[in-house]
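If you want the building blocks of each chain, they are given just below.
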Amino acid sequence: EVQLVESGGGLVQPGGSLRFSCAASGFTFTSYYMSWVRQAPGKGLEWVSAINSGGGSTNYLDSVKGRFTISRDNAKNTVYLQMNSLKPEDTAVYYCNAREPIREYWGQGTQVTVSS
């Protein structure tokens, strides 16, 4: 059974930090491009960051560059998103996404609320 299990969400004050983890199982993690995608209240899905299968290439949404860092540990089948200097506009449900040319999997999502 394919699973992407996210953890690490919660309530944080502006300027604070959170670290997400997404633990994968049921597929060959090292073959998949991993991304984080978010959905703010009342809005559509927004791609946030991605990392290639080997971990050597990363990309970020402009608004999170310099604040968020994506990484992966292929030995643990886990992808991470370190989020620093959080802003209220980062409030959203964050989803882990695994993708390769013919398959795509999604996690269940984890809520982040940035508020004082």
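Owing to the predicted nature of the structure, the values given are computational and were not obtained by experimental measurement.

(A) Quick peek at the overall build of the chain. When you go through the chain residue by residue, the secondary structure sums to 0 helices and 11 strands. Ordered by position from the N terminus, the helices and strands of the chain form the series β-β-β-β-β-β-β-β-β-β-β. Taking 116 residues into account, the globule formula puts the C-alpha radius of gyration at 13 Å, and the chain, at 13 Å, falls close to it. If you line up the chain on its principal axes, its C-alpha atoms span 40 × 25 × 25 Å. Buried positions account for 41% of the 116 residues belonging to the chain. Long-range contacts, defined here as pairs at least 24 residues apart, represent 52% of the contacts in the chain between residues at least 6 apart. Within the structure as shown, the chain displays about 5900 Å² of accessible surface, and the carbon and sulfur contribution to it stands at 46%. Once the 10 positive and 9 negative side-chain charges of the chain are each reduced to a mean point, those two points are 5 Å apart.

(B) Local environment of the side chain of S49. Mapped onto the elements, S49 comes out in strand β5 (residues 45-51). Not counting residues within four places of it along the chain, the set of residues in contact with S49 comprises M34, S35, W36, N59, Y60, I70 and L81.

(C) Highlighting the side chain of D90. Relative to the elements of secondary structure, D90 occurs in the loop between β8 (78-83) and β9 (92-100). At a separation of 2.7 Å, a polar atom in the side chain of D90 contacts the side chain of R67. Setting aside residues no more than four positions away along its own chain, D90 makes contact with R38, V64, R67, F68, S85, V112 and V114.

(D) Spotlight on the state of the cysteines. Under the defined criterion, the tally for this structure stands at 1 disulfide. Covalent S-S linkage joins C22 and C96, the inter-sulfur distance amounting to 2.1 Å. In this structure the cystine formed by C22 and C96 twists about its S-S bond by roughly -85°; its chirality is therefore left-handed. Of this pair, C22 sits in strand β3 (residues 18-25) while C96 sits in strand β9, placing them 74 residues apart in sequence.

(E) Just the packing of aromatic side chains, in detail. Taken as a whole and judged by the stated rule, the model has 6 aromatic pairs. Their ring planes at 40° and their centres at 5.1 Å tell us that F27 and Y105 sit as a pair that is tilted. Here F27 is found in the loop between β3 and β4 (33-39), whereas its partner Y105 is found in strand β10 (residues 103-106), with 78 residues between them in sequence. Above the face of the Y80 ring, R19 is positioned so that its terminal group lies 4.1 Å from the ring centre. Looking at R72, its charged tip hangs above the ring of F29, at a distance of 4.3 Å from the centre.

Rules behind the numbers
- Residues numbered from 1 in each chain as written.
- Predicted model: local features only at pLDDT ≥ 70, side-chain atom pairs only at ≥ 80, totals over all residues.
- Heavy atoms only, no water.
- Helix = DSSP H or I, 4+ residues; strand = E, 2+ residues; numbered from the N terminus.
- Rg over C-alpha atoms; globule rule 2.2 N^0.38 Å.
- Buried < 20%, exposed > 50% of the residue type's maximum accessible area, 1.4 Å probe, protein only.
- Contact = heavy atoms within 4.5 Å.
- Areas by Shrake-Rupley, 256 points an atom, 1.4 Å probe, with all protein chains shown as cover.
- Lys, Arg positive; Asp, Glu negative; His and termini not counted.
- Charge placed at Lys NZ, Arg CZ, Asp CG, Glu CD.
- Polar contact = N/O pair within 3.5 Å; in protein donor to acceptor, adjacent residues only side chain to side chain.
- Disulfide = S-S within 2.5 Å.
- Phe/Tyr/Trp six-rings, centres within 6.5 Å; stacked < 30°, edge-to-face > 60°.
- Lys NZ or Arg CZ within 6 Å of the ring centre and 35° of its normal.

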